[in-house]
Amino acid sequence: MAKQVEKPEWARVAKAFEASGQTQREFALARGMRLSTLQSWVYRARRSAPSRVEPVRLLPVQVATSPDATESLLEVVAAGGARVRFAVGTDVAYVARLVAALGR
């Protein structure tokens, strides 16, 4: 009968795998363990880890029109005063990441 493994041990092995840079197959082979066991432990560790997703922050915006605007550019002014101009149609997620990075 297989030995029951305590949580600290499987968590430690899963953490060692994540830091190893090896594939799951390579890591399991090097440690003499079943691949399915390692996969299970890594899955549990990832599932129990706190989410790394940053919360979404909504900022107030003010829409202004410019009668003499001849170009199709938009501008975002960050809270710190940084201005980002970009063409209409630019990926909104890219602009959001850029503005967030400027705000740090």
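The preceding data block contains the structure.
As the structure is a computational prediction, the values presented were derived from the model and not from experiment.

Caption draft 1: Fine view of the overall build of the chain. Helices and strands together make up the secondary structure of the chain, namely 4 helices and 2 strands. Listed N to C, the secondary structure of the chain is α-α-α-β-β-α in terms of helices and strands. For the chain, with 104 residues in total, the buried portion stands at 14%. Sequence separation of 24 or more characterises 23% of the internal contacts of the chain that already satisfy a separation of 6 or more. If you sum the accessible surface of the chain, you get close to 9100 Å²; carbon and sulfur atoms cover 56% of it.

Caption draft 2: Local environment of the packing of aromatic side chains. Scanning the model with the defined rule gives 1 aromatic pair in all. Ring geometry for phenylalanine 17 and phenylalanine 27: centres 5.6 Å apart, planes at 75°, overall edge-to-face. A residue pair is termed long-range when its members are at least 10 positions apart, and phenylalanine 17 in helix 1 (residues 7–20) and phenylalanine 27 in helix 2 (residues 24–31) qualify at 10 residues. Residue class for phenylalanine 17 comes out buried when judged on its relative accessible area of 7%.

Caption draft 3: Structural view of helix 3 (residues 35–48). For helix 3, with 14 residues, the first-to-last C-alpha span of 20 Å sits near the 20 Å given by 1.5 Å per residue. Those residues of helix 3 lying buried are Leu38, Trp41 and Val42. Projected onto a plane normal to the axis of helix 3, the buried residues spread over an arc of 100° and lie on a single side. The exposed set on the far side of helix 3, more than 90 degrees from its buried face, consists of Tyr43, Arg47 and Ser48. Against helix 1 and helix 2 lie the buried residues of helix 3.

Caption draft 4: Geometry of the packing of helix 2 against helix 3. Where helix 2 contacts helix 3, the axes come no closer than 9 Å and their chain directions differ by 120°. Helix 2 and helix 3 meet at a crossing whose hand is right-handed. Together, Gln24, Arg25, Phe27 and Ala28 of helix 2 and Leu35, Leu38, Gln39 and Val42 of helix 3 make up the contact between the two elements.

Caption draft 5: Fine view of helix 1. With 14 residues, helix 1 should reach 20 Å at 1.5 Å per residue; the first-to-last C-alpha distance of 20 Å fits that figure. Within helix 1, the full set of buried residues consists of Trp10, Val13, Ala14 and Phe17. One face of helix 1 carries all of its buried residues, which in axial projection span an arc of 100°. With respect to the buried face of helix 1, the exposed residues turned more than 90 degrees away are Pro8, Arg12, Lys15 and Ala19.

What counts and how
Residues numbered from 1 in each chain as written. Predicted model: local features only at pLDDT ≥ 70, side-chain atom pairs only at ≥ 80, totals over all residues. Heavy atoms only, no water. Helix = DSSP H or I, 4+ residues; strand = E, 2+ residues; numbered from the N terminus. Buried < 20%, exposed > 50% of the residue type's maximum accessible area, 1.4 Å probe, protein only. Contact = heavy atoms within 4.5 Å. Areas by Shrake-Rupley, 256 points an atom, 1.4 Å probe, with all protein chains shown as cover. Phe/Tyr/Trp six-rings, centres within 6.5 Å; stacked < 30°, edge-to-face > 60°. Expected span 1.5 Å × (residues − 1). Arc of directions from axis to C-beta. Axes fitted to C-alpha atoms, helices over the stretch in contact; angles between N-to-C directions. Left-handed = near helix turned anticlockwise from the far one by under 90°.

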